[in-house]
Amino acid sequence: MTSSSSPSQDSKRLAQTYPEGLRADALMEEDVAWSFEIDGERDGDQLDRADRAALRRVAGLSTELEDVTEVEYRQLRLERVVLVGVWTSGTVQDAENSLAELAALAETAGALVLDGVIQRRDKPDAATYIGSGKAEELRDIVLETGADTVICDGELSPGQLIHLEDVVKVKVIDRTALILDIFAQHAKSREGKAQVSLAQMQYMLPRLRGWGQSLSRQMGGGKGGGLATRGPGETKIETDRRRIREKMAKMRREIAEMKTGRDIQRQTRRRNKVPSVAIAGYTNAGKSSLLNRLTGAGVLVENALFATLDPTVRRAETPSGRLYTLADTVGFVRHLPHHLVEAFRSTMEEVADADLILHVVDGSHPNPEEQLAAVREVIRDVGATDVPEIVVINKADAADPLTLQRLLRVEKRSIAVSARTGQGIAELRALIDSELPRPAVEIEALVPYTHGKLVARAHDEGEVISEEHTAEGTLLKVRVHQELASELAPYVPATAG
């Protein structure tokens, strides 16, 4: 007959039998293996380990009418969406690529895409975007899939938004609202958050709606006030619009103040004659990866649309030793909302004020030409069409060789690289060196050793062709800007003319 043992005896037995590290596991195994001799005297029901570790509600503490005694475990639930596109021009492949990009945007925003449909029309329906009959069919798809949101691949008017929601009976948003939501999630800096807030309010202003009492009017502002007031006064929706306009005015002032600081930094670079290069391109084309590869900046790299919004400026050096700045800008996308172009104009000015644009395109994309056209449209909107451009075809290691050949043939100033593997990066650095604007004046000067600061400035601000140390001083042959050339002029040897 087996005798029962006390808890202290059990602990001593475990200490002798098991090493220190396995003692906790042994105790848990003993807890799971129930025996009448050990567990018979314990109070209450014995639970499995999973039940013991779970949260449990205490009965009698709820203030609701019905007491809940079981824990309800909720998993974070993503929005379940159905995508809708209107195919008005181009091929069916173009329409499917556009809807695939909308699906990528929806997933970036945190949604779960259940289905996607495209309708062939000459133009979107003025009332419901896809027509009343197709809207009824969309309602059936929503019921069948259990979706709670419909996303349209275009910008809907306020009327289209209301009428389509009335038919499908779930929330309807458009492409613009989706992109604004992604920007709001990814904005990190104070300036980025302010710019996104301004764009959201610009989008929201004409789409404000009132339900029930929110359309009621305030008392009018009669002469003398009190009971004698006359006139209907403002409706609630008018009050909301006025408040949004006031917030927008305040936001514009804040962005203008932050723009001043950016302008001062830009002027300092211009004063120091440091050339600037801006990286522009489609979202997720690999701009941040290219910046990291060229400068070691350590910027966030993620396979997601609009992963980085805040512009990053880093210092870089050409193979010949010339210094320049490299700026990573916000990514672009097809039909980028004009609200965002306007709100982000201050950061996009990095592109307009650059001496050279590295236009990055994803070589592995099904339609890279469409990406090029979309980015050039935004570059035109910010007034940067006169800035020289190098087309950098990124992801060459994953791209179709025929696509690479086609792009390199069509784009005269282009180069294929891979920011991931480093392929073509050395050639890109050499190309940047040759394309950056060079100082206008070439001069030869014998600078005394007592004026070493001029030699240092020649290295920082100009391009040193040759340098020789003589008994009288440093003999420099350099290409510099006019201001520094004037300071070096007194040291030009007489034989040099």
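This text gives an overview of the structure that appears in the document. Quick caveat: nothing in here was measured; it's all calculated off a predicted structure. (Residues numbered from 1 in each chain as written. Predicted model: local features only at pLDDT ≥ 70, side-chain atom pairs only at ≥ 80, totals over all residues. Heavy atoms only, no water.)

### Topic: the packing of aromatic side chains
Operational definition: Aromatic pairs are defined between Phe, Tyr and Trp rings, using the six-membered ring for Trp, whenever the two ring centres lie within 6.5 Å; interplanar angles under 30 degrees are classed as stacked, those over 60 as edge-to-face, and all others as tilted. Think of it as a cone above the ring: NZ of Lys or CZ of Arg counts as a charge over the ring if it is within 6 Å of the ring centre and within 35 degrees of the ring normal.
Scanning the model with the defined rule gives zero aromatic pairs in all. Stacked on the ring of Trp87, the Lys or Arg Arg120 has its end atom at 4.4 Å from the ring centre.

### What to know about the side chain of Gln371
Counted only if it meets this: Note on conventions: DSSP H or I runs of at least 4 residues are helices, E runs of at least 2 residues are strands, and numbering of each starts at the N terminus. Throughout this description, a polar contact denotes any pair of N or O atoms lying within 3.5 Å of each other; where both atoms belong to protein, one of them has to be capable of donating a hydrogen while the other can accept it, and for residues adjacent in sequence the pair is counted only when both atoms sit in side chains. Any two residues whose heavy atoms approach within 4.5 Å at even a single point are treated as in contact.
Inspection of the secondary structure assignment puts Gln371 in helix α14 (residues 368-381). At 3.3 Å, the side chain of Gln371 and the backbone nitrogen of Asp362 are in polar contact. Discounting chain neighbours no more than four positions away, the residues touching Gln371 are Tyr282, Val361, Asp362 and His365.

### Focus: the pairing of strand β7 (residues 323-328)
Working note: regular strand, side chains alternate between the two faces of the sheet. Stated formally: Partly exposed describes any residue whose relative accessible area lies between the buried limit of under 20% and the exposed limit of over 50%, with all areas from a 1.4 Å probe on protein chains only and scaled to the type maximum. Two strands qualify as a pair provided DSSP detects at least 2 bridges between them.
Of all six residues in β7, six are buried, a share of seventy percent or more. Alternating residues of β7 divide into Leu323, Thr325 and Ala327 and Tyr324, Leu326 and Asp328, and every residue in both groups is buried. By the bridge criterion, four bridges tie strand β5 (residues 276-281) to β7 in an arrangement that is parallel. In the sheet register, Ile279 faces β7, and the bridge partner there is Asp328.

### Regarding the sheet that holds strand β12 (residues 463-469)
Under the convention used in this document: What counts as an axis is a line fitted to C-alpha atoms, over the stretch in contact for a helix, and the angles between N-to-C directions run from 0 to 180 degrees.
Spatial strand order, β11-β13-β12: three strands in an open sheet with antiparallel pairing. The open sheet has two free edges, formed respectively by β11 (441-447) and β12, since each of these has just one partner strand. Geometrically, the sheet is characterised by an average inter-axis angle of 10 degrees between neighbouring strands, direction not taken into account. Taken together, the seven bridges between β11 and strand β13 (residues 474-480) define a ladder with antiparallel strand orientation. The partner of Glu444 across the bridge, within β13, is Lys477.

### A closer look at the packing of helix α5 (residues 92-108) against helix α8 (residues 175-186)
Inclusion rule: Note on convention: the crossing is left-handed when the near helix lies turned anticlockwise from the far helix by less than a right angle, right-handed when the turn is clockwise. In this classification, Asp, Glu, Lys and Arg are treated as charged, Ala, Val, Leu, Ile, Met, Phe, Trp, Tyr, Cys and Pro as nonpolar, and every other residue, Gly included, as polar.
Two elements in contact, α5 and α8, have axes separated by 9 Å at closest approach and are oriented at 35 degrees. Handedness of the α5/α8 crossing: left-handed. Between α5 and α8, the residues in contact are Ser98, Glu101, Leu102, Leu105, Ala106 and Thr108 and Arg175, Leu178, Ile179, Ile182, Gln185 and His186, respectively. Grouping the constituent residues of the contact of α5 with α8 by class yields six nonpolar, four polar and two charged.

### Examining the sheet that holds β7
Strand order in the open sheet formed by six strands is β6-β7-β5-β8-β9-β10, with mixed pairing between adjacent strands. Two strands bound the open sheet, and with one partner strand each, they are β6 (312-317) and β10 (414-416). Averaged over all pairs of adjacent strands, the angle between strand axes in this sheet comes to 25 degrees, irrespective of strand direction. Direction of pairing for strand β8 (residues 356-362) relative to strand β9 (residues 389-394): parallel, over a ladder of six bridges. Counterpart to Leu358 in the pairing with β9 is Ile390. Running at roughly 160 degrees to β10, helix α15 (residues 401-410) makes contact with β9 and β10 of the sheet.

### Details of the pattern of salt bridges
Cut-off, in case you're wondering: We define a salt bridge as a side-chain nitrogen of Lys or Arg found within 4 Å of a carboxyl oxygen belonging to Asp or Glu.
This model, assessed by the stated rule, comprises 16 salt bridges. A single salt-bridge network, built from bridges that share partners, covers Glu101, Asp153 and Arg175.

### Concerning the environment of Ala278
When you line up the elements, Ala278 lands in strand β5. Separated by 77 residues in sequence, Ala278 and Asp355 place their C-alpha atoms 8.0 Å apart.

### Some details on unusual backbone geometry
Despite not being glycine, Tyr129 has its phi angle at roughly 75 degrees, a positive value. By secondary structure assignment, the location of Tyr129 is in the loop between β2 (112-120) and α6 (132-145). On the basis of relative accessibility, which here comes to 4%, the residue Tyr129 falls in the buried class. With a phi close to 65 degrees, Lys169 is a non-glycine residue in the positive phi region.

### Observations regarding the packing of α8 against helix α9 (residues 190-204)
Here is the rule: In what follows, roughly perpendicular refers to angles from 65 to 115 degrees, roughly parallel to angles under 35, roughly antiparallel to angles over 145, and oblique to any angle outside these ranges.
Interhelical geometry of α8 versus α9 gives an angle of 155 degrees and a closest axis separation of 10 Å. With respect to their mutual orientation, α8 and α9 come out roughly antiparallel. Where α8 crosses over α9, the handedness of that crossing is left-handed. For the pair formed by α8 and α9, the contact residues are Thr176, Ala177, Leu180, Phe183 and Ala184 on the first element and Val196, Ala199, Gln200 and Tyr203 on the second. The class makeup of the residues in the contact of α8 with α9 is seven nonpolar, two polar and no charged.

### A few points about the environment of Arg322
When you line up the elements, Arg322 lands in the loop between β6 and β7. Sequence spacing of Arg322 and Pro275 is 47 residues, and the spatial spacing of their C-alpha atoms is 9.0 Å. If near-sequence neighbours (up to four positions away) are discounted, Arg322 is found in contact with Pro275, Ala316, Glu317, Asp433, Leu436, Pro437, Arg438, Pro439 and Glu463.

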